[in-house]
Amino acid sequence: MSAKAHNSRKRISKALAVFADIAESYDYIFNPNWERRPSLQSFDAYQEWKVWKAWKLRRKQLHYLKRTQLIEAQKIGERLMVRLTEKGYRKMLQIQLRSSRRKCVEGVCLVSFDIPESQKAVRDAFRGLLRECGFQKLHHSVWFTENDVSEPLLAFVKMNKLTSWVHVFVGKIASMERR
């Protein structure tokens, strides 16, 4: 999926979420015969409902992250301590790589890799990640982007133990025009 299509899908899903919230609120506030919920009598009650709804959504999101093993949660006294698992950290780095739109101050971020044929699945997955993150191919194993992704990319490479095969460079491209 292209970055443009992905961003468009995110905008549409956010818009649908806002629309659903407004539509639900409309029924909740203005329809006194609505049976599933008591009608709200004041703006304060509506504000309390919004806080409750946000809290419920947050709990649902935390439950999903825990179920998919992206976080570990531990209750200590009255507080809930949450930390990322290794799988969660890897996913966070992938999200940072995909969502970075800040331009690289030094020029470009260049990635060169030489992953052996015996690790073909790893190599193909790495190429797919680079493509999803907006990298452009200069050569089969040399990719570049103008986005500032060097730090999360280096962390991703180290975490996945690819440091002996993958090299990340940041700098300016000097090219000569043909006459």
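All values derive from a computational prediction rather than experimental measurement.

About the cut-offs
- Residue numbering note: each chain is counted from 1, following its sequence as written.
- Where totals are concerned, whole chains, interfaces and linings use all residues; where local detail is concerned, this predicted model gives features only for residues with pLDDT of at least 70, and gives and counts side-chain atom pairs only at 80 or more.
- Derived side-chain values reflect all non-hydrogen atoms in the structure, with water molecules and hydrogen atoms excluded from consideration.
- Secondary structure elements follow DSSP: runs of H or I no shorter than four residues count as helices, runs of E no shorter than two count as strands, and numbering proceeds from the N terminus.
- Residue exposure (1.4 Å probe, protein chains only): buried if accessible area is under 20% of the type maximum, exposed if over 50%, otherwise partly exposed.
- Any two residues having at least one pair of non-hydrogen atoms within 4.5 Å are treated as being in contact.
- Reported accessibility uses the Shrake-Rupley method at a 1.4 Å probe radius. Residues are deemed covered only where the shown protein chains occlude them.
- For this analysis, a salt bridge means a side-chain nitrogen from Lys or Arg found within 4 Å of a carboxyl oxygen belonging to Asp or Glu.
- Take the buried residues of types Ala, Val, Leu, Ile, Met, Phe, Trp, Tyr and Cys, join any two whose side-chain atoms come within 4.5 Å, and each joined set is a nonpolar core.
- Note: two strands are recorded as paired if DSSP finds a minimum of 2 bridges between them.
- To define axes, lines are fitted to C-alpha atoms, for helices over the stretch in contact only, and angles between the resulting N-to-C directions are given on a 0 to 180 degree scale.
- In a helix, the anticipated span is given by 1.5 Å times the number of residues less one.

(A) Looking closely at the overall build of the protein chain. Looking only at helices and strands, the protein chain features five helices and six strands. When the helices and strands of the protein chain are read in sequence order from the N terminus, they spell out α-α-β-β-α-β-α-β-β-α-β. Residue burial in the protein chain is summarised as follows: out of 179 residues, 24% are buried. Sequence-distant contacts, at least 24 apart, represent 57% of the contacts inside the protein chain between residues at least 6 apart. In the structure as shown, the protein chain presents an accessible area of about 13900 Å², 55% of it carried by carbon and sulfur atoms.

(B) Region of the structure containing the pattern of salt bridges. If you walk through the whole model with that rule in mind, you get six salt bridges. The partner of Arg90 in a salt bridge is Glu86, and the shortest N-O contact between them spans 3.4 Å. Placement of the pair is Arg90 and Glu86 together in helix α3 (residues 86–99), with a separation of four residues, close to one helical turn. The exposure class assigned to Glu86 is exposed, which follows from its relative accessible area of 51%. Ionic pairing is found between Glu117 and Arg123, a salt bridge with its closest N-O pair at 3.4 Å. Residue Glu117 is classed as exposed on the basis of its relative accessible area of 55%.

(C) Region of interest: the nonpolar core. Residues Val111, Phe113, Phe126, Leu130, Phe135, Leu153 and Val166 are the most contacted members of the largest nonpolar core, which totals 20 residues. Per-element accounting of this core gives the leading share, four residues, to helix α5 (residues 150–159). Non-local contacts of Val111, meaning those with residues more than four positions away in its chain, are made with Phe126, Leu130, Phe135, Ser141, Val142, Trp143, Leu153, Val166, His167 and Val168.

(D) Representation of the sheet that holds strand β4 (residues 136–139). Here we have four strands laid out as an open sheet, ordered β4-β5-β3-β6, and antiparallel in their pairing. Each of the sheet's edge strands pairs with one partner strand only, and the pair in question is β4 and β6 (166–171). This sheet shows a mean twist of 25° between the axes of neighbouring strands, independent of strand direction. Relative to strand β5 (residues 142–145), strand β3 (residues 108–113) is paired through four bridges, and the arrangement is antiparallel. Looking at the pairing, Ser112 lines up with Val142 of β5. Helix α4 (residues 120–132) rests against β3, β5 and β6 of the sheet, and its axis sits at about 170° to β3. Each of β3 and β6 is contacted by α5, which is oriented at about 170° to β6, the strand it contacts most.

(E) Structural view of α3. In this model, α3 (14 residues) spans 20 Å end to end at C-alpha, consistent with the 20 Å of a helix rising 1.5 Å per residue. Every buried residue of α3 is accounted for by Gly88, Leu93, Gln94 and Leu97. For α3, the elements touching its buried residues are β2 (79–84), α4 and α5.

(F) Seen up close, the environment of Lys66. Among the secondary structure elements, Lys66 is positioned in helix α2 (residues 43–67). Since its relative accessible area comes to 46%, Lys66 is described here as partly exposed. Remark: the alpha-carbon pair of Lys66 and Val82, spanning 16 residues in sequence, is separated by 9.4 Å. Not counting chain neighbours up to four residues away, the residues in contact with Lys66 comprise Ile71 and Ala73.

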